Structure formats: C-alpha cells, structure tokens
Amino acid sequence: MKKTLSSYFKVLPLLLLFALSQPLSAQTVQVSGTVLSAEDGQPLPSVTVREKGTNNGMTTDLDGKYRLQVSNNQAVLVFSFVGFVTQEVLVGNQTTINVTLSPNVSELGEIVVVGYGSQEQKDITSSISTVKSEEIAKVPTAQAMQALQGKVPGLQIVSSGAPGAAPTVRVRGVGSLEGNAAPLYVVDGMFFNSIDFLNTSDIASISVLKDASASAIYGVRASNGVILIETKSGSYNKPAEIVYNGYYGIQTAQNVLKVANAQQFTNYALATGSSADAAFIDNALQRFGRSRIDPNIPNVNTDWYGEVMESYAPQQNHTLSVNGGSDNTRYSLGVSYFKQDGLMKFTRNEYERVNLRSKIDYDVSENFRVGGNINISNGTQYVGENSVWFKSFFAVPILPVYDDLNTAASPNRFGNAQVLGYRGSQNPLFDLYYNDNRNKINKFLANFYAELDIIPETLKFRTAYNYSFSQVNSRNLNFDFNDGVTERVSSINRSHATSFNQISDNYLTFNKQFAGKHNVTAVAGYSYRSETSEGVFAGGTELFPSPSRLNEELWYISLTQTRDETAYGDYGSKLYGSSYFSRLAYNFDDRYLLYGTYRRDGNNKFQQKWGDFFTVGAGWVLTEEDFFDVSAVDFLKVRGGWGQLGNDGVAASVGEPTIDQRFVAIDGERVSGNVVIPTFDYVDRWETTEELNIGVSARMFNERLSVEADYFQRDTKDASVTIILPLIRSNVRRSAGSFRNEGFELALNWSDEIGDVRYSVGGNLATLNNEVLSLGGPQYLDAGSAEFRQRSIIGQPLQAFFGYETDGIFQNQSDIDNYGYTSEFVTDSGIEPGDYKFKDQNQDGVIDDQDRVVLGSYLPTLTYGFNFAVSYMNFDLSADFQGMSGHSILNRKRGEIIFTTDTNIDAELAENLWTGEGTSNKYPSAAGLRKGWNQSMSDYFVEDGSYFRIQNIRLSYNLINQTVLGTEIPETRITFTAEKPVTLFNYNGFNPEVANGIDRQTYPIPAVYTLGLNIKF
C-alpha cells in the first residue's frame, strides 16, 4: 500500500494536467443546466447531480450550474440536496435540463463541518455557528475574523485599526489568567494561533465550535473554542471559470478625540496655581508672541492629532481565481494582493500581502481519492510608532510643529517643549520622522490527504499530513537627530523568528444505517503533532555611515559602533503531542440523537503527560413525534451536551534550584553553606475546561423563521495562578485556580419574499457572566499596576478594575464637614472644595483600602448584532449592525497626570473642571487634578465602554445576461460598501474597542468606503 500511495502522489501533477483532455465515448451525451430553489428562486450550490445506477456525478457550483457527461439518452439524472425533495429526470433528447427543487421540511439538511468530518445540521447536538463566504466577502479587511464581528452570538471580536493588525477574538469569555485566550484555528486540518495570513476571498466557510462537546475532539488546544476554516474548492465536471474579485477604497478616521486647545489649556494651566506652569505659558508668550484673539495666550494653537493623522488612507484588494474540474478532478487556483495604508503621516505605516493558493482533488478510482492544498503568504508590515498617539494626546497646544528659533535641532527644526521648560520634547513628529519599523512575514501551509473507501458508503480511511512554516523578520531602526536639547544617536534592533509545525492525522469513519431507522456514524483515529520554534535577536547603536531613509542598504547591525549586550540572544522550543480520538453519533429515526467524543492527549510540556477528555451530547427532535402537531413549527429540536477539554497554552514550570549556596562570617572567616529554597513554580498540568450546554433549534412558518438558543456554563479548573506562600511571603505559581463563564445566546433569522422582492432579517445576542470561583486559598489576586489596580476576587470577574467609588465633588467647606469623614481624616488628607467625594463603603469615617470596590470589567456582559438584506431585480442591499455593553475601559490617558503634570488634557475634562461652587459635580478643580487624593484609582478613570455601530452597508448591482454593442458581457457585480461608518458611544477616546480594557495609546479604527467589482468569465 505504501508503494501504491507514493506512486499516486508522484503522478498527481501529470494527472491534473491531462484530466481535462480525456477522450469521451461517442455514445455519451453532455447535459447541462441550472438547479434552483422553489422557495426563493435562487441558485442552489452543492446539489448532487448523478447518473442513476452509476458513480458518475458532480455537484453544482455557486451559481447552481452543472455540466455532466452521461452514458446515453436513456440515462436518468438524480438531483439530490439535503433539505430538499430528490428529483429524477430522464435525459431523452434534452441537452439542457433545468430543475427546481422543493424544500423538504422533514429534512433540515445543511452540512456542518465538525472536527474530523461533517454532520447534517439536523443531527447536531452541539453549539456550532457557520458563516458562509458570501457574508465574509462583504467586509473589506485583511483579517477574515473581522468579518464575523456581530454575526455569531458568543463570539467577541475587538477590532484594531493598525494596518495588518489582527483583531482580538474571544469565544464565550476568558477562562485563564495566563497564555493566549484566543481560540484554536483549524485551516483545512492544520492548527494555527491566527489566520492573519488568509485572504478572505479564499475562504469557503468559517465554523465556530463554541461548546466543549463540539471542540473537545481537538484536544488540549481547544479549550478557548475552535474556529474551523475551509478554503474554496473547485467543482467536478465544470469548465474552467475565471473570477476576478476586487475593490479599492479609502479609510477615514472617525470620532477623533478632542484635546484642549490653546485657550483651554492656558486656562487650565493657570488655574492649577502652579508657578512652574505659569512660567511655561510666559515662556511661550515671549518665544511665539501673543494671540490676536486673546493676548493672554501664546500665538500658537496646534491640533496635534490633525498634524500626525492623514485625512484618508487607501486600501485595496484584488483576487484572481480559476476553478473547475473534469469528471474525476476538481481544482481551485488563486492569487491575491492586499494593500492597506495607515493613518499616520510622515512615516512608513502600511501593510502589503501577496497570497498564492492551489487546491486539487483527484479521484484515482471509484473508491480512492487524493488531494492537496497549498497556501503561500508573503507580507510586509511597516509599523508606525504607537507612541505617536500617546504624545499627540499629551503634547501642549502652545508648542508649534516647527520652531525656526530651535536652531540646534537637525535635520529638522521641530518644536521642542523642553525649550519652554517642560520635561519632555512632546512633539510626536520626532517619532514619525526618525524611525522605521518593518516586519517581513512569510507563511507556507501545505495539506495532503488520501482517502480510501474500504467498504463503499460505509467505511473509509483517511490519512492527512499538514505542514506549516512561518518566519517573521523584524527590523526596528532609529535615526540619529538633535531635538534642539539632546543629541540622539542611531540604533537598530533585529530579530528573526521561525516556526515549523506538522500534524499527521489518520482515522477511520464508519457510517451505516440499520433496520431503516438506526443510523450510526463512528470516527476513530490517531494524531501526532510537533511544534518547533526558534529565534535570534540582536541590537546596537551609532551606525556608521549615519542612517537615513535614502540608504536602506546600510541598515545592518554590523555597521553599529556599539553593541547592546543585553539585546543579543536566541531562544527555541519544541513541543510534541500524541493523541487518540474517537467520535460516535447515533440517530434513531431522525428523532433521538446521541453524540460522544473521547480524546486522549499527551505531550512533553508538563509533568502530567497524558489527559483523558470526554464529551457527551443528546438531542430530541420533537417534530418527528406523532403527538407533536403544531402547524407553524416545521422543525424543533432540544439538545444538550457536556464535556471536558484541556488547555496547554499556559507557560510550564521551567524548574528552579531548591538549594542555594550562601556565605557567612564565622570567627572572621568566610564560610560557605547550603540553604533550602522552597519558593518555586509548580505548574504540573494543563488547565481543564468543563462545559455544560443546553440548546434549542427550531424552524417555523414554512422554514422562514429559524431560531437557535443556547445556555452554557463553562468552568476552568486547575488554572495556573500566582499565590503567596504563608510565612515565606513569596509569589509562586500553582495549578490551583478555577473560573466560570456563564451565559445565554440567541439567534433569530427570518427570510421571505413579496412579489419580486426577497428579503431577510436577523439578529443575535449573547450574555456573559465571568466569575472567579477559587484562587487556591487567597480571596483575591492583584494585577495591573499599583496606581491602576486590577483585582481578581472570588465571586467577581477576572482582573476587574478595583478602586474607590466617587459621589460627586465637594462644593464648599460645609459639604466637607457634613459628609461623614472624621475631622482628623479631613485635616490629614487635605480635602478642599473641588475635591472628589469618595464613598465610605464601611461607614468608619475614613477612606482606606476597605472602601475599595469593583468598578467594572473589560469583558462585556452583552454583545449583539442584527442585519437585514433585500433584493429586487438586479439590486441587492444589506446592512449589519452590532454593539456591546456592560463593560468598562480604564482611561489610562487621564491617569498619566499621576506621573507627569505638565502635559495637555482632553477638551471634555478641560471644559468641565470645577471652578467654584455649583460649576461641576463630575470633575475636580484644576488644582485638584494635581493632588494625590483625586489621583487615587477610582471610577473617575473607569468609563463605560458600551457602543452601538452601523457595521456594514453594502449595495450591489448585478449585470447578468447583458449585452453591450451586441456582445454578451460576463456576469458582473458592482458593489459599494461602507464599513463601520457610524459608531455611537460615550467613552472619552477614539473608539470603545480596547482589547484588554486599558486605553493608553490606541490606534484609531477607521471607517472604510470601497467600490468593488466581481467578474466571472
């Protein structure tokens, strides 16, 4: 057998080249046509068209079209599609046979991709959501997961505006304090931590496996959920179809944060009572003159965000693919190009990527198939200095961009706040002009398989080899310059990281129907994976010759005069995993469903080498029961599942010496000895996730309304947490924590038609309650900085913001005296009118640690989305909306005043500071902002992160069967798309999407407007 398989793989390229040119028998008849749905008149893709009594067949393409060579004109074509009534048609003298299939409400037959196989949707007992390529293609983005924002209940997508940056993805909350909380991505069988290398046009479907019973078959990589991606394939017996799909558009910044202008800043600075601030203002007046509008402010009013940000930035994507096949071969080839410019001026800030892909399936014989899939991605990312956004917020508006008096500055005379007396240069143009950061990202994915029908339509064996290689070559360069005060030397840092991963899967699939009502599908297999990574890094300063943007060929560490010894090193890791897995699905008479998986996972990461993980699921289709007679309900299924899976994403214990040598002086002599060190990490096992899911699936009103509802409870056990050892008071890690994510998910969709108008309306929502159950003994675990504390408390969300609750502003002395604080505490704290009132939670007359409470969590308690689509004649219009609420954002930008007082503030704060009794009950006085009392961590810094967004509006016009000057033009679609055109929120920032809930310097998320073209030849 090994020799035979090897031979097949060797001749596969030749077979592919000649498959389309095989001679046809003179007796054969070619039949073609289109298959439509009787329900809405739309083409039906993936319909099986087969010559009755033979294995000669194919499936319809995305437009419902087919072309099949049959033996003679007496042949009978069988048209079958799950969920529709099967039709048989005699060929006779017909060469064109168009068929309309009627829905069969007794079959809910959409095929859903699951781990190591697929199931009919009606048989699913797990929580799985699938998004098709048509929905994915609506979103102009480099990141495929961005297209799912608001479309899948329980899936949280947090956007990023930086070119090429991947969004943060969470499935049903967060259940770990360590490691990566992102789901496992499985692309055509290969495991990935991200799919940032995929072009959205190459994806056929994305399935989100949300609960344990669905994802546990993938083992210890699947505890945070699984995202299954299938790339596009060709179609059997289909002539080559060439498709161009592309768009060009612009990105525009929206909701640009307003910071204090010169007038507001001057008023604020003088109101602080700081003599130093007053002196800085006076220095600016003398250096730059007085404003003609108000002679008390300098003649400078710089809008720093306007200075550093482009008004628009282009974005484009172009894809060319060829798809088709013969009676035993199908293929799909494609090339794509994506380019996204960033919003930063004066620097390279962009992302460019080229993708090549090929996917081939070949039927060697009636019972033996082989295939392969290759995807190559080559990307270049220029990363703008993120400090630009930080400096633009804090740079004082009385400083000009260019200062002709700053003669010592070179090569550009940029303004420097230090010459006015401020501590930093503040001007973000230094960061824009004098650095260049580049990442070159190359990824290669290959997948090969062979599948043998041991017993046709009953037992098959599949072996697959998945290979991925990636490398990231990073170069960060700083040019030398003089800011007018300090000479800055050039520096360079380089790193090169590679990873090489392999997975080998071998499994049997048994599918059999017994006695007409008993249906059994069983899968059993073995998987092996190896993951190897290694990298090197180095750095140095003072390059010679001096680097500039024009001599990139000299940007190398070998030209540095001083090497940074702390910036040299290498690293690497190797992980091996071996797994046995199985799945059993039983269906009795389409009424009673049972489902179970088992996986035994082993790897070399922890002391616990092996883990056993089980899941079970069950379903009951009530509409198949004789007693159920509700005319409006076409299908109703109650389902449930329970399961366990592991998480090896946390850092393992590396081992530390438990005996240390010490020296003491005895009789004036140095004597050595050994002491026992009991403070060592001991993370000896992977974290275990245990999940319960109960759901309902329904179709009603002649299949027009679909309902999916789920309740889940997901517990993480043996979580790695940091605890403090008694007596020793030292921090160590132990596998001792437990957390819970609990929630409800609902998805509703309605589709119908009125005359020539077809429409659909849908919506989804998901709730989430994240809670700490145990921390291995302690009642809480701190995170974040001491100034901006986050705390995981038993009974509260993970890493919640923790501090004081404000109760307004003290308006006068009487207000202070009567608030409830002791007079001694008021005196010691120096409380004055214009200061915050902090709630005395325990009513003891003082404000201390006992009065701190949970102020919010960065995890939303509610996410939602809804959409509508309408089609009339050649026009299609769709709109998507989404939002989230119940979460908080730490406005870390306002907190910077704790460390640096001589910077700007936002306009909303400047305009609403307390200036006297009755002027403000929200913000303290300008002088109060500088006091430690008001700088304590409180809900002043923690804001509501809720938002609502018009996510996507898309208008399309279709040109089908049209002629121009007597010539038929190819099928063409013209589209206009507005992505994220409107976002409504109250948070004082650029946008409310902050991945970890801490906003110190966030890249703006732009609105994107594109004009697209799709042509099929």
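As the structure is a computational prediction, the values presented were derived from the model and not from experiment. (Residues numbered from 1 in each chain as written. Predicted model: local features only at pLDDT ≥ 70, side-chain atom pairs only at ≥ 80, totals over all residues. Heavy atoms only, no water.)

### Things to note about the overall build of the protein
- Each helix and strand in the protein was counted, giving 13 helices and 55 strands.
- Here the protein has a C-alpha radius of gyration of 32 Å; the compact-globule value for 1017 residues is 31 Å, and the two agree.
- Counting across all 1017 residues of the protein, residues that qualify as buried make up 52%.
- For the protein, the proportion of contacts with a sequence separation of at least 24, taken over those separated by at least 6, is 69%. (Helix = DSSP H or I, 4+ residues; strand = E, 2+ residues; numbered from the N terminus. Rg over C-alpha atoms; globule rule 2.2 N^0.38 Å. Buried < 20%, exposed > 50% of the residue type's maximum accessible area, 1.4 Å probe, protein only. Contact = heavy atoms within 4.5 Å.)

### A look at the confidence of the model for the protein
- Mean pLDDT for the protein: 89, with 94% of residues reaching 70 or above.
- Across residues 1-26, confidence stays below pLDDT 50; counting only partners more than four residues off in sequence or on other chains, it has 22 contacts. (pLDDT = per-residue confidence, 0-100.)

### A look at the side chain of Ser-792
- For Ser-792, the position within the fold is in strand E41 (residues 789-793).
- Here the side chain of Ser-792 touches Gln-799 through a polar contact of 2.9 Å, landing on its backbone nitrogen. (Polar contact = N/O pair within 3.5 Å; in protein donor to acceptor, adjacent residues only side chain to side chain.)

### Points about helix H7 (residues 387-394)
- Counted residue by residue, H7 has 7 buried out of 8 residues, so it is predominantly covered.
- Taken together, the buried positions of H7 are occupied by Ser-387, Val-388, Trp-389, Phe-390, Ser-392, Phe-393 and Phe-394.
- Elements that come into contact with the buried residues of H7 comprise helix H6 (304-308), helix H8 (429-433) and helix H11 (892-895).

### Focus: the sheet that holds strand E42 (residues 800-803)
- If you walk across this open sheet you meet the 4 strands as E40-E41-E42-E45, and the pairing is antiparallel. Both edges of this open sheet fall to strand E40 (780-784) and strand E45 (853-856), since each of them pairs with a single strand only. Here the strands of the sheet are splayed against their neighbours by 50 degrees on average, with no regard to which way each runs.
- Pairing geometry for E42 and E45, over 3 bridges, is antiparallel. Following the sheet pairing, Gly-803 is matched in E45 by Val-853. (Pairing = 2+ DSSP bridges. Axes fitted to C-alpha atoms, helices over the stretch in contact; angles between N-to-C directions.)

### Some points on the side chain of Thr-141
- Within the secondary structure, Thr-141 is located in the loop between helix H2 (133-136) and strand E11 (155-158).
- With residues near it in sequence (within four places) discarded, Thr-141 still touches Gln-146, Thr-200, Tyr-247, Gln-315 and Phe-338.

### Quick notes on the packing of aromatic side chains
- On inspection of all chains with the given rule, the structure shows 51 aromatic pairs.
- When the ring centre of Tyr-449 is taken as reference, the NZ or CZ atom of Arg-462 above it lies at 4.1 Å.
- Of note, Arg-791 hangs over the ring of Tyr-780, and the distance from its end group to the ring centre comes to 3.7 Å. (Phe/Tyr/Trp six-rings, centres within 6.5 Å; stacked < 30°, edge-to-face > 60°. Lys NZ or Arg CZ within 6 Å of the ring centre and 35° of its normal.)

### Concerning the sheet that holds strand E13 (residues 184-187)
- Sheet architecture is open: 5 strands sit in the order E10-E15-E16-E13-E14, paired in mixed fashion. Each edge of the open sheet carries a strand with a single partner, namely strand E10 (128-132) and strand E14 (190-192). Taking the axes of each pair of neighbouring strands and ignoring which way they run, one obtains an average angle of 20 degrees across the sheet.
- Note: strand E15 (residues 203-209) against strand E16 (residues 226-231), 6 bridges, orientation antiparallel.

### So, the layout of surface pockets
- In this structure, the second largest pocket spans a volume of roughly 870 Å³.
- Elements that contribute at least two residues to the lining of the second largest pocket include exactly E14, strand E22 (435-455), strand E23 (459-478), strand E26 (491-514), strand E27 (518-543) and strand E29 (569-588).
- A breakdown of the residues in the lining of the second largest pocket according to their chemical character gives 11 nonpolar, 16 polar and 7 charged. (1 Å grid on protein atoms, 1.4 Å probe; cavity = no way out; pocket = protein on both sides within 12 Å on 5 of 7 lines; lining within 4 Å. Points joined across faces, edges and corners; volume = space filled by probe spheres on them. Nonpolar A, V, L, I, M, F, W, Y, C, P; charged D, E, K, R; others polar.)

### Let's talk about the pairing of E29
- Where E27 meets E29, 20 bridges bridge the pair, whose relative direction is antiparallel. Bridge pairing links Tyr-528 to Ser-578 in E29.
- Taking the residues between adjacent antiparallel strands as the criterion, E29 and strand E30 (residues 592-603) are bridged by 3 residues, where Asp-589 takes a positive phi near 60 degrees.

### Some words on the pattern of salt bridges
- Scanning the entire structure with this criterion turns up 62 salt bridges.
- Across the pair Arg-930 and Asp-277 runs a salt bridge whose closest N-O atoms are separated by 3.0 Å. Linking Arg-930 in the loop between helix H13 (926-929) and strand E49 (942-944) with Asp-277 in helix H5 (residues 275-288), this pair joins segments that are 653 residues apart in sequence. The pair Arg-930 / Asp-277 is uniform in exposure class, with both members buried.
- A salt bridge links Glu-552 to Arg-438; the nearest nitrogen and oxygen atoms lie 3.7 Å apart. (Salt bridge = Lys/Arg side-chain N within 4 Å of Asp/Glu carboxyl O.)

### A short note on the nonpolar core
- Core analysis: the biggest nonpolar cluster contains 92 residues, and Phe-265, Tyr-422 and Tyr-821 have the highest contact counts within it.
- With near-sequence residues (within four places) excluded, Tyr-422 lies in contact with Phe-265, Phe-280, Ile-281, Val-396, Ile-398, Ala-417 and Asp-902.
- Counting 44 residues, the second largest nonpolar core, distinct from the first, contains Phe-197, Ile-503, Tyr-507 and Val-523. (Core = buried A, V, L, I, M, F, W, Y, C linked by side-chain atoms within 4.5 Å.)

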